[in-house]
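Structural description and commentary
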Amino acid sequence: MLSTTREVTTVAMLTAVGIALFVIESFIPAPFPFLKIGFANISSVITLFLLGAPQMFMVVVLRVVVGSILVGSVFTPGFLLAISGGLTSALAMGLAKGLTKSAFSPVGISMIGSLTHVVVQLLLVMLLYVQNPTLLFLLPLLLLSGAIGGFVVGWISLRLLPLMRSLRLYRG
């Protein structure tokens, strides 16, 4: 899967940046626990565009697991929501990029991932914890939050990608 030392190093660096952003964002107060931008996802979007979907999945899993260990939330309901949302959003982003080639910019891919993450987390909360369909009233707020977060993460990723490419840290 990782073919060169340069690729391993790039994945490790992007994972470390994602973990740092995850930990930093966990200390930023939010009006509701589920309303966060998701800055750690910058590392996932950049990994997808530089290296591909398999490497992005590695970054997502390592970022969520190690980040959760560092903030003390591993194996909590929040961890289950984070890993489930992270994996399904990575799948959605990987499919969107792979099936459409260059139809989506990092902004579009990030928004797809963010909205997928929001919907999956809401469904899991409804199925596993709350079992109350009135939770669906939060969907418009969550979708708006997800769209804003996805846009911000995608825009930052779009701005960072030329720099990352110029550093030649990857196989491309």
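To start, this report covers the structure provided alongside it. (Residues numbered from 1 in each chain as written. Predicted model: local features only at pLDDT ≥ 70, side-chain atom pairs only at ≥ 80, totals over all residues. Heavy atoms only, no water.)

On to the overall build of the chain. The number of helices and strands found in the chain is six helices and zero strands. Sequence-ordered secondary structure for the chain, helices as α and strands as β, is α-α-α-α-α-α. Relative to the globule expectation of 16 Å for 172 residues, the C-alpha radius of gyration of the chain, 16 Å, shows essentially globular dimensions. Its C-alpha atoms give the chain principal-axis dimensions of roughly 50 × 35 × 25 Å. Going through the 172 residues of the chain one by one, you find that 41% of them count as buried. The long-range share in the chain, meaning contacts at least 24 apart out of those at least 6 apart in sequence, stands at 72%. When the accessible surface of the chain is split by element, carbon and sulfur atoms take 76% of a total near 9,000 Å². (Helix = DSSP H or I, 4+ residues; strand = E, 2+ residues; numbered from the N terminus. Rg over C-alpha atoms; globule rule 2.2 N^0.38 Å. Buried < 20%, exposed > 50% of the residue type's maximum accessible area, 1.4 Å probe, protein only. Contact = heavy atoms within 4.5 Å. Areas by Shrake-Rupley, 256 points an atom, 1.4 Å probe, with all protein chains shown as cover.)

Let us look at the packing of aromatic side chains. Tallied over the entire structure, the rule returns one aromatic pair. Ring plane angle 70° and centroid distance 5.4 Å describe the contact between F75 and F79, whose orientation is recorded as edge-to-face. One Lys or Arg, K97, reaches over the ring of F49 and ends 4.9 Å from the middle of that ring. (Phe/Tyr/Trp six-rings, centres within 6.5 Å; stacked < 30°, edge-to-face > 60°. Lys NZ or Arg CZ within 6 Å of the ring centre and 35° of its normal.)

On to the side chain of S89. Turning to its location among the elements, S89 is positioned in helix α4 (residues 77-100). Excluding its chain neighbours within four sequence positions, the residues that come into contact with S89 are G113, T116 and H117.

Right, let's talk about unusual backbone geometry for a bit. Unusually for a residue other than glycine, F75 sits at a positive phi of about 65°. With respect to the helices and strands, the residue F75 is situated in the loop between α3 (53-71) and α4. Classification of F75 by relative accessible area gives exposed; the value is 71%. Although it is not a glycine, Q131 sits at a positive phi angle of roughly 50°. Tracing the backbone shows Q131 in the loop between α5 (106-130) and α6 (139-167).

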